[in-house]
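One letter stands for each residue in the lines below.
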Amino acid sequence: MKVAVIGSGGREHTLVWKISQSPMVTKIYALPGNGGISDIAECIPIGSEDISGIISFCKESKIDLVMIGPEVPLSKGLAETLREQGVPTVGPDSKCARLESSKVWAKEFMIKHGIPTAGYKTVTDKNSLMRAVDEFGLPIVIKMDGLCAGKGVFICKDMEEVESAVENIYGIATGGKVVVEEFLEGNEASYMIFTDGQSYIPLVTSRDHKKIFDGDKGPNTGGMGAVSPAPLDVGMDEKIKTSVIKPLLKALKNEKMHYNGVIYAGLMICPGDDIRVLEFNARFGDPETQVILTRMESDIMDILVPLGSISKLPSNYTIKWNDGVSCCVVIAQKGYPNDYEKGVHIPNLKNIKTDKNEFIFHAGTIKKKGEYYTNGGRVLGVTAVGTTLNEARKKAYSLVEKIAWSSSYYRKDIGLWR
Ligand code: AMP
Ligand code: GLY
């Protein structure tokens, strides 16, 4: 089979790596891919948001299966357009992708279908935003409605932070909807499922670190590292299925949403095991994919092929997992999530040797004449699997120290929970 993976991040490198293990696969293309992906697949210089370019390529190259990684092409209708053209594709259509592409739509969907979430108000201007802040009190969470690459959420503990969020939001775009949400205290977890809208196959739990600095300080990022499994109490997996996944599946059926792909529920486990959904994503998480797929022993194509070709999950299929712990540390270019330099040489990267439980997944990299250079904010996801969290962390950090370049930045506390 010829497979095309759309995207250029660490998630897509991990997907390409996992798909490449399958005996069903003869050739993998990545559109556009990155420096690391180019070592194991053919990278085609067509951007992940170039819908017509992707369609033409997939048709001309007679691609047997497309796996879409990022949210923007999903929200622009890439999945349904590919399917309309007869190209088997894994990924939800743009209507289903509203679970992620509109926070307001997702909140209304959750409330309508009894999926537990934080109390909120939708506002459309600065005055009503300020009134909602008054009503809920501080701290408060302010979320922009559309896709913002993890950077449209502001957690404000005082009025100064509210003012700065307001300036950010109404400085960028005038008008538009904003969600003002009660602040929830608790432990986060990421829970993903494959679903065809009728049934689901769960993935193992994970947890990512969204803030830029150690101790979960500073602004949110796309994710600075992750661990799988998430540090949850025994029995939480079942509770998540009962209180979130089952109502979610019922809602998809009631709304006749023919979902196809992965749904990611970002959860807050509040005191008393009160589970609330902070967000849904219509795709694999990044860097959660790095820690999940490195624990997956089954062939991912067992699921992707039926989902892509007939929009059905295989029946009675259980994924086999390695029962170890996986830890991913993201190395970023200094300055991320704000401005950062591109094109910085990563001198040690090509010489690093890894064992079968260590993986260097590339995100923002480019390869030129055998050397790797930075090409984005999050640059590498250094991942290791161990029998314990401690072992996985040690292995990941020892690799990170060998690779880090002078203008790189990484958190030192991935996998340490306070
Ligand atoms: P979201 O994109 O909605 O998941 O928000 C990004 C991150 O902001 C989450 O992973 C949490 O760390 C934080 N966050 C979002 N909503 C809340 C909330 N209601 N209470 C506390 N933290 C939140
Ligand atoms: N790591 C969070 C996300 O993928 O949205």
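Residues numbered from 1 in each chain as written. Chains lettered and ligands numbered in written order. Predicted model: local features only at pLDDT ≥ 70, side-chain atom pairs only at ≥ 80, totals over all residues. Heavy atoms only, no water.

Peer 1: Quick one: what's the story with the packing of aromatic side chains, residue by residue and with numbers?
Peer 2: Summed over the entire model, instances satisfying the criterion amount to nine aromatic pairs. With centroids separated by 6.2 Å and ring planes inclined at 80°, the aromatic side chains of F213 and Y409 adopt a geometry described as edge-to-face. With a gap of 196 residues between them, F213 in strand β13 (residues 211-213) and Y409 in strand β23 (residues 408-409) connect regions that are remote in the sequence. For F213, a relative accessible area of 41% puts it in the partly exposed group. (Phe/Tyr/Trp six-rings, centres within 6.5 Å; stacked < 30°, edge-to-face > 60°. Helix = DSSP H or I, 4+ residues; strand = E, 2+ residues; numbered from the N terminus. Buried < 20%, exposed > 50% of the residue type's maximum accessible area, 1.4 Å probe, protein only.)

Peer 1: Would you mind going over the pattern of salt bridges in detail, with residue names and values included?
Peer 2: Working definition: two side chains of opposite charge can pair if their charged atoms are close together. In total, this model carries 24 salt bridges according to the counting rule given. For the salt bridge of R283 with E100, the shortest nitrogen-to-oxygen distance reads 3.0 Å. Separated by 183 residues along the polypeptide, R283 in the loop between β17 (274-281) and α10 (288-293) and E100 in helix α5 (residues 98-101) bring together distant segments of the chain. Across this residue pair, the class does not change: R283 and E100 are buried. The shortest N-O distance in the salt bridge between D274 and R276 comes to 3.2 Å. Each of D214, D216, R411 and D413 takes part in one network of salt bridges that share partners. (Salt bridge = Lys/Arg side-chain N within 4 Å of Asp/Glu carboxyl O.)

Peer 1: Account for helix α7 (residues 126-136), naming residues and giving values.
Peer 2: Each full turn of the α-helix corresponds to 3.6 residues, which orients residues three or four apart in the same direction. Taken as a whole, α7 has its buried residues at S128, L129, M130, A132 and V133. Of the residues flanking the start of α7, the one acting as N-cap is D125, its side-chain oxygen 3.1 Å from the backbone nitrogen of N127. Following α7 by one or two positions, G137 adopts a phi angle in the positive range, close to 80°. (Polar contact = N/O pair within 3.5 Å; in protein donor to acceptor, adjacent residues only side chain to side chain.)

Peer 1: Which residues make up the nonpolar core, and what values do they have?
Peer 2: Counting residues in each nonpolar core, the largest one holds 46 residues, and the members touching the most others are L31, C58, V66, L267 and F280. Considering each element in turn, this core owes the most residues, eight residues, to helix α9 (residues 236-254). Apart from the residues within four sequence positions on either side, L31 is in contact with A4, V5, I6, G7, I44, I46, S48, I54 and F57. Formed by 31 residues, the second largest nonpolar core is a distinct cluster that contains V16, I19, V25 and V262. (Core = buried A, V, L, I, M, F, W, Y, C linked by side-chain atoms within 4.5 Å. Contact = heavy atoms within 4.5 Å.)

Peer 1: Outline the site of ligand 1, supporting the account with residue identities and numerical values.
Peer 2: Lining the immediate surroundings of ligand 1 are 15 residues, of which K143, E181, L184, E188 and E279 lie closest. A distance of 2.9 Å is found between a nitrogen atom of ligand 1 and a backbone nitrogen or oxygen belonging to E182. K210 places a polar side-chain atom, nitrogen or oxygen, 3.0 Å from an oxygen atom of ligand 1. Computed on the free molecule, ligand 1 has an accessible area of 470 Å², of which 95% lies beneath the protein chains in the complex. Contributing elements (two or more residues each) for the shell around ligand 1: β7 (140-144), β8 (153-156), β9 (178-182) and β17. When the residues that make up the shell around ligand 1 are grouped by side-chain class, the tally is seven nonpolar, one polar and seven charged. (Near = heavy atom within 4 Å. Areas by Shrake-Rupley, 256 points an atom, 1.4 Å probe, with all protein chains shown as cover. Nonpolar A, V, L, I, M, F, W, Y, C, P; charged D, E, K, R; others polar.)

Peer 1: So, the sheet that holds strand β1 (residues 2-7): which residues are in play, and what are the values?
Peer 2: Taken in spatial order, the five strands line up as β3-β2-β1-β4-β5 in an open sheet, and their pairing is parallel. Of all strands in the sheet, those with a lone pairing partner are β3 (42-43) and β5 (89-90), marking the two edges. Inspection of the sheet shows strand β2 (residues 27-32) paired to β3 by two bridges, in the parallel sense. Bridge pairing in β3 places Y29 opposite E42. In the packing of helix α2 (residues 51-60) onto the sheet, the strands contacted are β1, β2 and β4 (65-68), and the crossing angle to β2 comes to about 165°. (Pairing = 2+ DSSP bridges. Axes fitted to C-alpha atoms, helices over the stretch in contact; angles between N-to-C directions.)

Peer 1: I'd like to hear about the side chain of H362, residue by residue, with values.
Peer 2: Position of H362 relative to the elements: it lies in strand β19 (residues 358-362). Look at H362 and you get buried, because its relative accessible area is 4%. Sequence-distant contacts of H362, that is, excluding residues within four places in its chain, are made with G9, G10, H13, N34, G35, G36, L349, Y372, V379 and L380.

Peer 1: Let's hear about the site of ligand 2: which residues, and what values?
Peer 2: Every residue near ligand 2 is listed here: D208, K210, G222, Y264, N281, R283, G285, D286, P287 and E288. A distance of 2.9 Å is found between an oxygen atom of ligand 2 and a backbone nitrogen or oxygen belonging to D286. Burial of ligand 2 by the surrounding chains reaches 91%, relative to a free accessible area of 200 Å². Here the residues of the shell around ligand 2 are counted per class, giving two nonpolar, three polar and five charged.

Peer 1: An account of the pairing of β1 is requested, with residue identities and associated values reported.
Peer 2: By the criterion of burial, β1 is predominantly enclosed, with five of the six residues buried. When β1 meets β2, the two strands line up parallel, connected through six bridges. Across the sheet, the residue bridging to K2 is K27, located in β2. Handedness of the β-α-β unit built from β1, helix α1 (residues 10-20) and β2 comes out right-handed. Pairing of β1 with β4, which is carried by four bridges, proceeds in the parallel orientation. If you follow A4 over to β4, its bridge partner there is V66. (Right-handed = clockwise from strand over helix to strand, strands pointing away.)

Peer 1: Tell me what's going on with helix α12 (residues 389-403), and back it up with residues and numbers.
Peer 2: Compared with the 21 Å implied by 1.5 Å per residue over 15 residues, the 21 Å span of α12 between its first and last C-alpha is a close match. Three or more residues of α12 are buried, namely A392, R393, K395, A396, Y397, L399, V400 and I403. In this fold, the buried residues of α12 make contact with β18 (325-333), β19 and β22 (378-386). (Expected span 1.5 Å × (residues − 1).)

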